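What follows is the residue order along each chain.
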Amino acid sequence: MDRETGRPGTGLRTGPRTPPPGVARTPRPRLPQGMPGAPPPAARRPRRRGLRLSAAVGAGLLLAGGGVVAVDRLGQDRAALTPLTPAGRALAAAEAGRPATLADLEALIGERRQRVRDAPADRASWAVLGAALAERAARSGAPGAYTEAERALQRALAQGGTPDVRALTGLAVLAAARQDWAGAVRWGEAARDRAPGRAAAYRVLLEAYTGTGDAEGADRALERLRKVRPGPVAEVAAAWVHRERGWREDAEATVHDAAARAATPAERAAALARAGDLAWERGEARTALARHEAALRAEPEHDGAAAGRARALAGLGRSEEALTAWARARAAAPRPGYAVESGELLLALGRSTEAADHFALARHQAAALARDGVRQEPVLGPLEADHGDPAEAVRLLTDEHRRHPGPAASGALGWALHRAGRSAEALPRLRAAVKDGPNTALPAYRLGMAHLALGEPGPARRQLARALRLAPEFSPLHAERARRELAALGEPAWGPPPA
């Protein structure tokens, strides 16, 4: 039993588990084709055709890659007689509660832009356009996309009358993408109250409640999501909740179920990318690589899978391939965190000048996103703590923790305090991050390094060993340092402690 965290030293929870409301235990399903160990696909049943197609393009909300796009009704006769265009596929996915590919999402945006040019007072088209733009902003991370989405959504609300639920949901998605969790709760609850039977509001509320530290609210949102829209989207969301609470086995079983039941390429990519992330956090780099590559085959534009593939390649020692993969991830979505991770890989390889360029790129991208209303403290704080000004990191992360308290913010602030030479002050926050957060390697490493700085070899040894046991290659930079420090500590002395 770990004295600092109350968890067993193996890194896995023991004893009975209590899943959140609405989550039932089921045997792990057969692996889907494309995942390691999967059997050949069985023969498929003939699909039923007819009225299902026309119903699939009615009113609905698109859950795609963790976000939401609102759509309107095109008409059953038209849908039944016309082959689905890319925009139509996005609409059909919306009605079914499934993700759409970015290419189809772009087609929907283009179609709605034309509609609002032709009919500037069309409130429904403004709402659809704004929600689609918010989804694209969340998935692409492109500066400028957030402001464009907000303008379209506010235009939809400015038309008067009862607020369009699609615009309300789009504003919730936009707030979540900007890391404004309080705003995401406010807009998400407004959308939920306006249309309690729509799944989209519950998906964004699940993320928003977690961001504000409201575990009970997140449980309620997950329960409602699984009732109003059961299926892979809800299962991917459930796996994320399990992971955040350190329930690694539950998260794995749930995401396998989501991948097995995926019915579209985008839906499959979302589940496989999440499965790859979980495998990586368990220290299974080869499995993570296989899952992320399968996700990219399903949706080549999936930046999360591209980033996961880069991490797995680095963990396998394939550094040059990893740097190429990081370039692909940055091209898909210019997120500052990707530049930081590729910079740390370069630093571990001894290429400090190139690493500095990547850290400068991360700061440049963060500044551009901040001008677009996206909070950057969660990225800039750790960057300053490890590769800049630790005192500035403390300032940034103190503000972030005040706004959004929780294990992630506690761990980041604790690490900044440690790096600023305030390890004793950092210790309670780092302990809380290990005890209450995901059962992953980085929080244990940070806690171990703080104990080491305070001259406490026993706790330091336990936590550093724990981090390497959970994921031996959790970071190209920090994992190697953990190994060095653990070797320097040596084996614990036998016998009673000195008097």
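Residues numbered from 1 in each chain as written. Predicted model: local features only at pLDDT ≥ 70, side-chain atom pairs only at ≥ 80, totals over all residues. Heavy atoms only, no water.

### With respect to the overall build of the protein
- Helix and strand counts for the protein come out as 25 helices and two strands.
- Of all 499 residues assigned to the protein, the portion counted as buried reaches 52%.
- Sequence separation of at least 24 residues holds for 60% of the intrachain contacts in the protein that already meet a minimum separation of 6.
- Of the roughly 21700 Å² of accessible surface on the protein, a fraction of 53% belongs to carbon and sulfur atoms. (Helix = DSSP H or I, 4+ residues; strand = E, 2+ residues; numbered from the N terminus. Buried < 20%, exposed > 50% of the residue type's maximum accessible area, 1.4 Å probe, protein only. Contact = heavy atoms within 4.5 Å. Areas by Shrake-Rupley, 256 points an atom, 1.4 Å probe, with all protein chains shown as cover.)

### Concerning unusual backbone geometry
- Despite not being glycine, Gln 179 has its phi angle at roughly 65 degrees, a positive value.
- Tracing the sequence through the fold places Gln 179 in the loop between helix H7 (165–177) and helix H8 (181–194).

### Some points on empty space enclosed by the protein
- According to the stated counting rule, one finds one cavity of 30 Å³ or more in the structure shown.
- Approximately 80 Å³ is the volume attributed to the largest cavity.
- What lines the largest cavity is Arg 243, Arg 248, Ala 251, Leu 278, Glu 281, Arg 282, Pro 438, Asn 439 and Thr 440.
- Only helix H12 (248–261) and helix H13 (265–281) provide two or more residues apiece to the lining of the largest cavity. (1 Å grid on protein atoms, 1.4 Å probe; cavity = no way out; pocket = protein on both sides within 12 Å on 5 of 7 lines; lining within 4 Å. Points joined across faces, edges and corners; volume = space filled by probe spheres on them.)

### Topic: the nonpolar core
- By size, the foremost hydrophobic cluster in this structure holds 52 residues, and its most contacted members are Leu 108, Leu 129, Tyr 146 and Leu 206.
- Among the nonpolar cores identified, the runner-up in size contains 38 residues, and Ala 258, Ala 279, Ala 298 and Trp 326 belong to it. (Core = buried A, V, L, I, M, F, W, Y, C linked by side-chain atoms within 4.5 Å.)

### Structural notes on the side chain of Ser 475
- Within the secondary structure, Ser 475 sits in the loop between helix H24 (457–470) and helix H25 (478–489).
- What Ser 475 contacts, discounting residues up to four positions off in sequence, is Glu 344 and Glu 480.

### Thoughts on the environment of Ala 215
- Mapped onto the elements, Ala 215 comes out in helix H10 (residues 215–228).
- Judged by relative accessible area, which is 42%, Ala 215 ranks as partly exposed.
- Taking the C-alpha atoms as reference points, Ala 215 and Val 241, 26 residues apart in sequence, are found 9.5 Å from one another.

### Description of the packing of aromatic side chains
- Scanning the model with the defined rule gives three aromatic pairs in all.
- Between Trp 415 and Tyr 445, the aromatic rings sit 5.8 Å apart at their centres with planes inclined by 45 degrees, giving tilted as the arrangement. Placement of the pair is Trp 415 in helix H21 (residues 407–419) and Tyr 445 in helix H23 (residues 441–453), with a sequence separation of 30 residues.
- For Trp 415, a relative accessible area of 2% translates into the label buried.
- Relative to Phe 474, the ring of Tyr 445 has its centre 5.5 Å away and its plane inclined at 50 degrees; by these criteria the two rings are tilted. Residue Tyr 445 is located in helix H23, and its partner Phe 474 is located in the loop between H24 and H25; the two are separated by 29 residues in the primary sequence.
- Looking at Phe 474, the relative accessible area reads 14%, which means it is buried. (Phe/Tyr/Trp six-rings, centres within 6.5 Å; stacked < 30°, edge-to-face > 60°.)

### Description of the packing of H7 against helix H9 (residues 199–212)
- Following both chains from N to C, one finds H7 and H9 inclined at 20 degrees, their axes separated by 10 Å at the closest point. The angle between H7 and H9 falls in the class roughly parallel. The two elements H7 and H9 cross, and the hand of that crossing is left-handed. For the pair H7 and H9, contact is made by Thr 169, Ala 172, Val 173 and Ala 176 and by Ala 200, Ala 201, Val 204 and Glu 207, respectively.
- Residues of the contact of H7 with H9, tallied by class, amount to six nonpolar, one polar and one charged. (Axes fitted to C-alpha atoms, helices over the stretch in contact; angles between N-to-C directions. Parallel < 35°, antiparallel > 145°, perpendicular 65-115°, else oblique. Left-handed = near helix turned anticlockwise from the far one by under 90°. Nonpolar A, V, L, I, M, F, W, Y, C, P; charged D, E, K, R; others polar.)

### Thoughts on helix H4 (residues 102–118)
- For H4, spanning 17 residues, the distance from its first C-alpha to its last is 24 Å, which sits close to the expected 24 Å at 1.5 Å a residue.
- For H4, the full list of buried residues reads Leu 102, Asp 104, Leu 105, Leu 108, Ile 109, Arg 112 and Val 116. For H4, the angular spread of buried residues about the axis comes to 150 degrees, placing them on one side. Away from the buried face of H4 by more than 90 degrees, exposed residues Arg 117 and Asp 118 are located. (Expected span 1.5 Å × (residues − 1). Arc of directions from axis to C-beta.)

### Details of helix H5 (residues 123–140)
- With 18 residues, H5 should cover 26 Å at 1.5 Å per step; its first-to-last C-alpha distance of 25 Å lies within 8% of that length.
- Counting buried positions along H5 gives 15 out of 18 residues, so the element sits mostly inside the fold.
- Measuring from the side-chain oxygen of the N-cap residue of H5 to the backbone nitrogen of Ala 124 gives 3.3 Å; that N-cap residue is Asp 122. (Polar contact = N/O pair within 3.5 Å; in protein donor to acceptor, adjacent residues only side chain to side chain.)

### Observations concerning the confidence of the model for the protein
- Confidence in the prediction for the protein averages 83 pLDDT; 81% of positions are at 70 or higher.
- In the model, residues 8–81 has pLDDT below 50 throughout and makes 179 contacts with residues more than four positions away in sequence or in other chains. (pLDDT = per-residue confidence, 0-100.)

### Overview of the pattern of salt bridges
- Taken as a whole, this structure holds 39 salt bridges when the rule is applied.
- The closest approach of N and O atoms between Glu 321 and Arg 318, which form a salt bridge, is 2.8 Å.
- The shortest N-O distance in the salt bridge between Arg 422 and Glu 425 comes to 2.9 Å.
- With relative accessibility at 35%, the residue Arg 422 sits in the partly exposed group.
- Overall, the relative accessible area of 42% leaves Glu 425 in the partly exposed class.
- Residues participating in the shared-partner salt-bridge network are Arg 375, Glu 377, Asp 399, Glu 400, Arg 402 and Arg 403. (Salt bridge = Lys/Arg side-chain N within 4 Å of Asp/Glu carboxyl O.)

### A closer look at the packing of helix H11 (residues 232–244) against H13
- Direction vectors running N to C along H11 and H13 enclose 20 degrees, while the axes themselves pass 10 Å from each other. Considered as vectors, H11 and H13 are oriented roughly parallel to each other. Of the two elements, H11 crosses H13, and the hand of that crossing is left-handed. Residue-level contacts link Pro 232, Val 233, Val 236, Trp 240 and Arg 243 of H11 to Glu 267, Ala 271, Arg 274, Leu 278 and Glu 281 of H13.
- Its residues placed into classes, the contact of H11 with H13 shows six nonpolar, no polar and four charged.

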